[in-house]
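Descriptive structure summary
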Amino acid sequence: MLCVLTRTATRTGLVKPCRLLSPLPVVQISERPLVHQESLPKLPVPPLKQTCARYLASLEPLISEEEMTHTRELMDEFLRPGGVGERLQKSLERRARKTENWLSDWWMQSAYLDSRMPVAMYTSPGVVLPKMHFQDCQGQMRFAAKLIAGVLDFKRMIDSGTLPVEYLGGKPLCMDQYYQVLTSCRIPGPKRDAVLNYAIGMTPSTHITVVHNFQFFVLDVFNSDGSPLTVDQIYVQLEKIWNSSLQTNKEPVGILTSNHRNTWGKAYNNLIKDKTNKESVRAIQKSIFTVCLDAPMPRVSDEMYFNKVAAQMLHGGGSRWNSGNRWFDKTLQFIVGEDGSCGLTYEHAPAEGPPIVFLVDHVVDYMKRTEMVRTPMIPLPMPQKLRFNITPEIKKDIEKAKQNMNIMVHELDVRVLNFTHYGRKFPKSHKMSPDAFIQMAIQLAYYRMYQTCCPTYESASLRMFKLGRTEAIRSTTTESLQFTQAMDDPSKQNSEKAALLEKATKVHREHTHMAIHGQGVERHMLGLKMIAIEDLTSLPEIFMDTSFAVASHFNLYTSQSCNAPQICAVQGVETRAEAAIYSGCRIGAVTRRRRVQCVVGSKTDCVMCFGPMVPDGYGVCYNPMDDHINFAVTAFNSCEETNATKLSQFLENSLLDMKTLLEQVSKTQ
C-alpha cells in the first residue's frame, strides 16, 4: 500500500450510523483545533454497580415481571463480591489506563468494519439539500463547480489548522474526526474492512473524482502553484468531463461497492488483479472526495419528491438510474442531479455526523457568496478518464451487484415528513428540551401504532473525551411508557398527562447528560462483554440472557440531524452571548479576541435519512428548525409489521396532540 494508515485506520473499526445529541450548546472558537487534543481527558469507565442498576432500570418497560426476576438473579450473581463482574471491571479499568480510549477500537470494529452488510442503506446516511432551480446540465455543472469550491475552502481550514475548535460546557471537544472525512476511503476485506486516509504523506492528494454516466474521472483541483481552481475553471473542467462521458452503455463498475461486504471483497480482489483496474481504483480511493453528476430522476408529484430524493441519496434509485454512479466506499460523495436534486451520502466508519453537518453548512454558506474570484482562463489539462478492463468474471460480478441493488431499492421504504406546524421554538417556550420532546413524540407514535413500547436507540456524542465517538441513549423509559399510556386514557386529566410528559422529557435529559459525560450504559456493557470474550472461556450468563438480546434489538433507531449538536434552547438560551455564558465561556474575554459561534444543529434546512437497524424496525432521523421539523422515516417493505408511511402519520398526529395538550393546560393555569 502506498498510503499511510492514520490513527483511525489502525483503530479497527466499524460504526453503525450515529447521531449526536447534547443538552448544552456547542460553541466554536477560532483557534488551533489540535491544541487541546493531547490534554483532553480519557473516556472513563463508569462504576460497575451504577451501570448494572441503570441497565436493569432500562429493561423495566420492555420485559415481563417473570423475565425481570430472572435477569435480576443473573445480575446478583454477576455482581457477587470477587465474582466475574468485578474481574471484568478491573480488566476494563486496566485497559483504560493503557490506551488513549478504551472503547474506540472495539466500537469501530463491532459497529463498522466487522459488519458484512452493504454500506448503502445499512450504515451510510443520506443528506438531502434544498432543491435547486436548475433543470439542465449547464445549471448542474455550475452548481457542482461552486460546491466543489466550497469543499476546497473547507479543506483549506483543515490544512491550515484554522478550523474552529468546538466547546461544550466550556471544555474543548475532540476534533479528530474532522481530519478523517477528506481523502479517506473504506477498503473491503475478506472478514474485516479497513479505513485508509491518504491525507498524510509526502505527496498529499490534489484531485477529486467525478463520476457521470457510470464513468469516473480524475479532476485536479489545484494549480501548479498550489492555489485551488476557481469556480470558472472547475466549470470548464466539468464541461470536458460531461462531453467525454456522453455514452450511457458503460459498465457501472461503481455498483460493485453496494454489495454485501464479503461479496464485494471477493470482487474487489478480482477487480484489482488487472494493473489498469488497480490504478483506477487507487485513484478513486486517494481522491479528496467524489462528486456524482446524476441523470435526472423519474418525475414524481411534489408530495413524493422528497421521498424520492432521499432514496436517491441513500442508494441511487437502482441500476437503471444512478446506483452505478457511486463509489459507496468513499467517505464523502456529493450528489448533484440534472433535475436540481442535490445532497450527499457518506460512509460512516471514519466519523460521526458533526464534521459532515459543519462541512455542509460551510459549503452552503460559501455558495451563497456573490463574489466569485475570476482569473484569466489559462489552458487546463484534460481530466483523466479512469479505465477499467472488464473481464467476463467482472461482468458477472457487476450483473449480480445490479440484481442485489435492485432488490435493496425495492426493499427500502423512505418517507419524508415536513412537519410545518411548529419547530423547536415551541417546546422551548414550555421549557422543554426540543430533542427530548421529539423523542417522546416518536415514543407516542410507536405506542399508538402497536399498543406497546420498544427498545429505542439515540446516539450521544462522547467528544468531550479523547478520540470519543458515541454513546447510546435509551429513549424508552418507565417514564416515557407512563406518558404514552396516559395520553389516550380518558380517565386521565390533561394536567396529569402534561406532568407525565414533563417528567419523561426531564428523565431523557438526565440520561443524555450522563451519556455525553461518559456515564452511559450501552458502551460500558459492550466493554465488559468484549473483555469477557478476550479473557474468559465463556460469556457470563448476563450476556446470554434473553433480556439482553431483547434490549439490544432496537426497533426504533433514531437521531437528530445525524449527530447535530443539541440546541442551546434547552435552557431558553437564545443569543450568542447567552450561549457563550451558558457554555462556560467568559463572553467579555472571548468574543473580543476570537470568533464565537453557537452551533444550533444543522443551519441548513436539510433532510437526513438512514435505514433501520433491524429487519422489523424503523430508522427515524429529524432536523428541528425554529418553526418546522424535517423527518425521514424508513422501514423495510418485506416486514409486514412495519409501515413507514403509517408511522409518519402517527408521528405528525402525536406532535399535534402534544402541542394541543400543552396549550390547553397553559390556558387553565
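The structure presented is a predicted model; accordingly, all values stated were derived computationally and were not measured.

Topic: the pairing of strand β8 (residues 215-220)
In terms of burial, β8 is a largely internal element, five of the six residues being buried. When strand β7 (residues 207-212) meets β8, the two strands line up antiparallel, connected through six bridges. Bridge assignment links Val-210 to a residue of β8, and that residue is Phe-217. Here β7 hands over to β8 after two residues, with Asn-213 in that stretch at a positive phi of 50°. Of the pairings in the sheet, the one linking β8 to strand β12 (residues 384-385) comprises two bridges and is antiparallel in character.

Structural notes on the confidence of the model for the protein
Taken over all residues, the pLDDT of the protein has a mean of 86, while the share at 70 or more is 87%. When the criterion is pLDDT under 50, residues 1-31 qualifies, and its contacts beyond four places in sequence or with other chains add up to 177 contacts. Note that residues 562-600 has pLDDT below 50 and, in this model, 103 contacts with residues that lie over four places away or in other chains.

A few points about the side chain of Glu-411
Along the chain, Glu-411 turns up in helix α12 (residues 392-411). Take Glu-411: its relative accessible area is 19%, and that puts it in the buried class. A polar contact is formed between the side chain of Glu-411 and the side chain of Ser-638, at a distance of 2.5 Å. Look past the residues within four positions of Glu-411 in its chain and what remains in contact with it is Ala-635, Phe-636, Asn-637 and Ser-638.

Quick word on the packing of aromatic side chains
Applying the stated criterion across every chain, the model contains 22 aromatic pairs. For the ring pair Trp-264 and Tyr-268, a centre distance of 5.3 Å and an interplane angle of 80° mean the geometry is edge-to-face. Taken as a pair, Trp-264 and Tyr-268 lie in helix α8 (residues 261-271) at a separation of four residues, close to a single helical turn. Here the two residues Trp-264 and Tyr-268 agree in accessibility, since each one is buried. For the ring pair Phe-426 and Phe-437, a centre distance of 6.2 Å and an interplane angle of 70° mean the geometry is edge-to-face. In this pair, Phe-426 sits in helix α13 (residues 425-429) while Phe-437 sits in helix α14 (residues 434-450), placing the two residues eleven residues apart along the sequence.

Here's the deal with the environment of Ala-460
Its location among the elements puts Ala-460 in strand β14 (residues 456-461). For the pair Ala-460 and Ser-559, spaced 99 residues apart in the sequence, the C-alpha separation amounts to 9.0 Å.

Concerning the packing of helix α15 (residues 478-487) against helix α16 (residues 494-516)
In contact at an axis separation of 8 Å, α15 and α16 are set at 155° when each is read in the N-to-C sense. The orientation of α15 relative to α16 falls into the category roughly antiparallel. Relative to α16, the crossing made by α15 is left-handed. Taking contact as the criterion, the partners of Glu-479, Ser-480, Gln-482, Phe-483, Ala-486 and Met-487 in α15 are, on α16, Lys-497, Leu-500, Leu-501, Lys-503, Ala-504 and Val-507. Across the contact of α15 with α16, the residue classes tally to seven nonpolar, two polar and three charged.

Some thoughts on the side chain of Ser-205
Take Ser-205: it is sitting in the loop between β6 (194-197) and β7. Here the side chain of Ser-205 touches Lys-286 through a polar contact of 2.5 Å, landing on its backbone oxygen. Not counting chain neighbours up to four residues away, the residues in contact with Ser-205 comprise Thr-183, Tyr-198, Lys-286 and Ile-288.

Looking at the pattern of salt bridges
Under the criterion given, the structure shown has 25 salt bridges. A salt bridge links Asp-657 to Arg-448; its shortest N-O distance comes to 2.8 Å. Here Asp-657 is found in helix α22 (residues 644-668), whereas its partner Arg-448 is found in helix α14, with 209 residues between them in sequence.

Describing helix α17 (residues 522-535)
In this model, α17 (14 residues) spans 20 Å end to end at C-alpha, consistent with the 20 Å of a helix rising 1.5 Å per residue. A large share of α17 lies buried, amounting to ten of its 14 residues. All buried positions along α17 are accounted for by Glu-522, Arg-523, His-524, Met-525, Leu-526, Gly-527, Leu-528, Met-530, Ile-531 and Ala-532.

Considerations on the environment of Ala-532
Residue placement: Ala-532 occurs in helix α17. Sequence-distant contacts of Ala-532, defined by excluding residues within four places in its chain, comprise Leu-88, Leu-539 and Pro-540.

Reading guide: rules and limits
- Residues numbered from 1 in each chain as written.
- Predicted model: local features only at pLDDT ≥ 70, side-chain atom pairs only at ≥ 80, totals over all residues.
- Heavy atoms only, no water.
- Buried < 20%, exposed > 50% of the residue type's maximum accessible area, 1.4 Å probe, protein only.
- Helix = DSSP H or I, 4+ residues; strand = E, 2+ residues; numbered from the N terminus.
- Pairing = 2+ DSSP bridges.
- pLDDT = per-residue confidence, 0-100.
- Contact = heavy atoms within 4.5 Å.
- Polar contact = N/O pair within 3.5 Å; in protein donor to acceptor, adjacent residues only side chain to side chain.
- Phe/Tyr/Trp six-rings, centres within 6.5 Å; stacked < 30°, edge-to-face > 60°.
- Axes fitted to C-alpha atoms, helices over the stretch in contact; angles between N-to-C directions.
- Parallel < 35°, antiparallel > 145°, perpendicular 65-115°, else oblique.
- Left-handed = near helix turned anticlockwise from the far one by under 90°.
- Nonpolar A, V, L, I, M, F, W, Y, C, P; charged D, E, K, R; others polar.
- Salt bridge = Lys/Arg side-chain N within 4 Å of Asp/Glu carboxyl O.
- Expected span 1.5 Å × (residues − 1).

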